[in-house]
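Listed here are the chains, written in short residue letters.
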Amino acid sequence: MSPLFRRAGAEEDADQDAGLLPISSVTWRQRARVRGRVRSIRVQPLAGVPTLECTLYDETGGLAVVFLGRREIPGIRPGATLTAEGMVSDHQGRLAILNPAYQLQSPGEH
Amino acid sequence: MDKYALRVLTRGAAPQPLPPVVESDVPEGRLFRLKSALLGRPLHSDQLVHERLGKPTALAVFASDNLSSSAYATEEILRVLLPYVGVAAFTLVMPITIAMLVVLAFLILSYRQTIKAYPFASGAYNVTTANFGPPVPQVAGAALLIDYVLTVAVSTAAGTAALTSAFSALRSFRIEIAIGFVLLIAYGNLRGLKESGRIFAVPTYFFMLNMVLLLVVGLVRLAMGDLPTEALSGEGLVEIGEKGSGLLYGASLFVVLHAFASGGAAVTGVEAISDGVPAFRKPEWKNARTTLVVMGASLGVMFLGLSFLASRTHVGVFEEGVPTVLSQIGDIVYGESPLGHVLYYALQAGTMLILVLAANTSFADFPRLASFQAGDSFLPKQLTKRGHRLVFSNGIIALAGAAIIVLLLTSARVEALIPLYAVGVFLSFTLSQSAMAKHHLREREPGWQRGLAINGFGAFLSGLVCLIVAVTKFLDGAWIVLLLLPTAVLLLLRLNRQYSQEEAELEHEAEVAATAPILRRHVVLVLIDRLDRSTARAIQYARTLTPDELRAVHIAADELKAEALAEEWRRLALARLSLELVDCPDRRITRCTVNLVDSLLADGQTEVSVLIPRRIYRRAWHRLLHDRTADAIAEALAPLPHANVTIIPYHLGGGRDPVAPAAARPGAAEVPSIGGNGRGDGPRSSS
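Residues numbered from 1 in each chain as written. Chains lettered and ligands numbered in written order. Predicted model: local features only at pLDDT ≥ 70, side-chain atom pairs only at ≥ 80, totals over all residues.

**Some remarks on the overall build of chain B**
Piece 1. Along its length, chain B carries 26 helices and six strands.
Piece 2. Looking at the 687 residues of chain B, the share that counts as buried comes to 45%.
Piece 3. Long-range pairs, those at least 24 residues apart, make up 82% of the contacts in chain B with a sequence separation of at least 6. (Helix = DSSP H or I, 4+ residues; strand = E, 2+ residues; numbered from the N terminus. Buried ≥ 20, exposed ≤ 12 C-beta atoms within 10 Å, placed from the backbone. Contact = placed C-beta atoms within 7 Å.)

Right under this line is the structure:
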């Protein structure tokens, strides 16, 4: 992004970039901070257990990001860019970060 | 009580017989209804009758092509000679006719051998196939196919000329009339009138009767000395050259050979009988041989007689081909009396009918030969299929189309078509006689030396004529055929290579593939575009597959639509399935689907079925209102092994009542499956 259009939060963004792991090097049962593009999200029917499950991909690979107890989170949709941080565990056999601390990037940012 | 009865009793009910077979009440397609309206009801395969023909009928059916050539052969000889040698042409026409008949005689002798040796398939293609390797039969076959097309064109053009000679008002509609004839014959053949003998006997014998009458009256008037001689100049007549001196009256050998080549058109059609031997009454080959000789004799009498009358009456040849020489001779011989007029019109009608019939012979032969070649994988397989009325419909349509193109290109002028003609026929004669010679050398049956001599000489003679035709008519148009022929042969061989490659791949270790272990996992993806009945049907169907993983997937090319769909899904939740929204940043739904499926296939242990609900529209224009994404996706997934596409149809409006009859008929096939791609050859190499 050109410097001309940097917002006030630009310094914060720079802080966020610190400690980011490529998804391919994430290991099970370690804390990780990853950023990627939401490639798919899973819409649960109202009748089921409320879960929002999405798949996050960066250039190196992908993992699941699961929000238990939520049905939807505004802004999390296919194509969104998301930074997620939390303990890496598993969900239905897939490597996943459950209930991460997350931050949404507006389109085109990062 | 025996064990079986006990089992039945303990099960409750005894087994019942199956219900009777009933025709499905699914409405027929539009094409079928159109075909039924045009062609009549479809024929059952059992109705494929092999009508056996007696000799007189067989002569009428098979000889019309050959006999009809007498209607234009003399004219074509004169057309070549007149500009060079003038009046001497009328002297030269007789020797040339006789030479042509000598060739015919030898061909008939040769074909008598062929018919005896191969009584069930004596056509050039079959005989060469039996004796030579791949390229030779294809040359013979291609030559014959080209000539069948030309036969249709020449015959209809000449038939039109016979009509327009009698009714000059029709002359400006020549092309339309000729094409009309082609369409009429094609239509008749599509309906399946085929070789139904008796209809054919009438025009053939009517023509022969008229010709004999013409010759008798002509000869009698000549003997009495009151046969008039035509003036040799007039508007539209071919320019008359100066009479020279010497043996050939100043004509070069080339011109004489050229005229001879033009007369070669008379010999075409000899092969028709040999193609149709199985249609004769028993003993087939004997009857066929007799008929062949009778045909040759009849043609000889008519051709010779007509050439003789032409040489005495000095009829001119018109540039435009009308009125024809035959028509002029008829006019002169029958004179001006009312009876003469009646006889003249009868002659013209007979000529027209037999010429049209001659075209019909090709319509029987071309589709049959094409089906042989297609059966041997040298032509598209569609040509082997019998259509609505048990005839080779595709072959008939192909022939009609080709003949119409030729007629348009030549403006339906006989004299423009003749130079193209006969090269192919003589080439196929040569090849088939050579094949016979080889047959004799190999089999050495009793009397093989005589057979070898006949067929060898036949091959030599027809080869010579072929060469003469090719050389003398090269510039007039034979070059087109000489160019077309190798192209066609190469095309046939190329087609064959394609077919054998496909076959080799499909057959390669087919048994091993059939017993290969099946993949461990089966993932079913249902592509969801919207929440409606068609989607619901697809999901219900997917559940009957009991896959390891069932996923409802929406490719989110349009964010707003995806969100609306997600909202609706949360509320309705079809089958309590979760819906996956997949990011598709470039909005190329097809490509996104391919990427998704490919990632599922990556472990090499997964069989993926993609279910696409598709609406089936009742009318063609309804379809225009929607895009064809489903088909595009199915096609795009085709290259991925172990990716399978199933279209789940949903009939809009036109479908049958979805509940009652469907429930009464379990197991009705309703899922046309496209692109099953289980090649079963282990993990994929590409990704």
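More follows now that the structure is in view.
**A word on the overall build of chain A**
Piece 1. Assigned secondary structure in chain A consists of one helix and six strands.
Piece 2. When the helices and strands of chain A are listed from N to C terminus, the series reads α-β-β-β-β-β-β.
Piece 3. Burial statistics for chain A: of 110 residues in total, 24% are counted as buried.
Piece 4. A sequence separation of at least 24 residues applies to 49% of the contacts in chain A between residues at least 6 apart.

**Here we look at unusual backbone geometry**
Piece 1. Phi at Asn99(A) is positive, roughly 40 degrees, even though this residue is not glycine.
Piece 2. Within the fold, Asn99(A) resides in the loop between β5 (94–98) and β6 (101–105).
Piece 3. Judged by C-beta crowding, with 14 C-beta atoms within 10 Å, Asn99(A) ranks as partly exposed.
Piece 4. Look at Thr546(B): it is not a glycine, yet its phi comes out positive at around 40 degrees.
Piece 5. Looking at where Thr546(B) falls in the secondary structure, it is placed in the loop between α21 (533–544) and β2 (549–556).
Piece 6. Take Thr546(B): there are 9 C-beta atoms within 10 Å of it, and that puts it in the exposed class.

**A short note on the environment of Leu104(A)**
Piece 1. Tracing the backbone through its elements, the reader meets Leu104(A) in strand β6.
Piece 2. What Leu104(A) contacts, discounting residues up to four positions off in sequence, is Gly75(A), Ala80(A) and Leu82(A).

**Describing the nonpolar core**
What tends to happen in soluble globular proteins is that the nonpolar side chains get buried as a cluster.
Piece 1. Within the largest apolar cluster, 155 residues are counted, with the highest numbers of intra-cluster contacts made by Leu81(B), Val149(B), Ala153(B), Ala157(B), Val182(B), Leu399(B) and Ala403(B).
Piece 2. Ranked by the residues each element gives to this core, the list is headed by helix α7 (residues 135–166) of chain B, at 19 residues.
Piece 3. With residues near it in sequence (within four places) discarded, Val149(B) still touches Leu399(B), Ala402(B), Ala403(B) and Val406(B).
Piece 4. Of all hydrophobic cores here, the second largest spans 56 residues; its members include Phe67(A), Leu579(B), Ala630(B) and Ile648(B). (Core = buried A, V, L, I, M, F, W, Y, C linked by C-beta atoms within 7 Å.)

**Remarks on the packing of α7(B) against helix α14 (residues 338–375) of chain B**
All names here are of chain B.
Piece 1. In contact at an axis separation of 8 Å, α7 and α14 are set at 165 degrees when each is read in the N-to-C sense. Accordingly, the angle class assigned to the pair α7 and α14 is roughly antiparallel. Pair α7 / α14 crosses with left-handed handedness.
Piece 2. Of the residues in the contact of α7 with α14, the class split is 17 nonpolar, ten polar and one charged. (Axes fitted to C-alpha atoms, helices over the stretch in contact; angles between N-to-C directions. Parallel < 35°, antiparallel > 145°, perpendicular 65-115°, else oblique. Left-handed = near helix turned anticlockwise from the far one by under 90°. Nonpolar A, V, L, I, M, F, W, Y, C, P; charged D, E, K, R; others polar.)

**Digging into the confidence of the model for chain B**
Any region with low pLDDT has predicted coordinates that should not be read closely.
Residues and elements named next belong to chain B.
Piece 1. Scored by pLDDT, chain B has a mean of 78; 85% of the residues are at 70 or more.
Piece 2. Per-element confidence in chain B ranges from a low mean pLDDT of 41 for helix α26 (residues 660–664) to a high of 91 for strand β1 (residues 521–527).
Piece 3. Low pLDDT, under 50, characterises residues 658–687; the stretch is placed with 35 contacts to residues that sit more than four places away or in other chains.
Piece 4. Reported confidences for the modelled complex are a pTM of 0.71 and an ipTM of 0.77. (pLDDT = per-residue confidence, 0-100.)

**Here's the deal with the interface of chain A and chain B**
Piece 1. Between chain A and chain B, the contact holds 16 residues from the first and 17 residues from the second.
Piece 2. By residue class, the composition of the side of chain A that touches chain B is seven nonpolar, four polar and five charged.
Piece 3. The pairing of strand β1 (residues 31–43) of chain A with strand β3 (residues 579–583) of chain B spans four bridges and is classified as antiparallel. Within β3(B), the residue paired with Arg42(A) across the bridge is Glu580(B). (Pairing = 2+ DSSP bridges.)

**Here we look at the pairing of strand β2 (residues 51–57) of chain A**
Residues and elements named next belong to chain A.
Piece 1. The pairing of β1 with β2 spans five bridges and is antiparallel. By the bridge assignment, Arg-37 is partnered in β2 with Tyr-57.
Piece 2. Bridging between β2 and strand β3 (residues 62–68) involves seven bridges; their strand directions are antiparallel. Note on β3: the bridge partner recorded for Tyr-57 is Gly-62.
Piece 3. The hairpin turn running from β2 into β3, its antiparallel successor, is four residues long.

**So, the environment of Thr515(B)**
Residue and element names in this part refer to chain B.
Piece 1. Checked against the element boundaries, Thr-515 lands in helix α20 (residues 510–515).
Piece 2. Of the residues examined, Thr-515 has 7 C-beta atoms within 10 Å and is grouped as exposed.
Piece 3. For the pair Thr-515 and Ile-589, spaced 74 residues apart in sequence, the C-alpha to C-alpha distance is 36 Å.

**Structural notes on α7(B)**
Piece 1. Over its 32 residues, α7(B) extends 46 Å from the first C-alpha to the last, a length consistent with the 46 Å expected when each residue adds 1.5 Å.
Piece 2. Burial analysis of α7(B) places 30 of its 32 residues in the buried class, the great majority of the element. (Expected span 1.5 Å × (residues − 1).)

**Section: helix α6 (residues 124–131) of chain B**
Residue and element names in this part refer to chain B.
Piece 1. With seven of eight residues buried, α6 lies mostly within the body of the structure.
Piece 2. Residues of α6 that are buried include every one of Ala-124, Tyr-125, Asn-126, Val-127, Thr-128, Thr-129 and Asn-131, and no others.
Piece 3. Close packing links the buried residues of α6 with α5 (89–117), α7, α11 (271–275), α14 and α17 (423–443).

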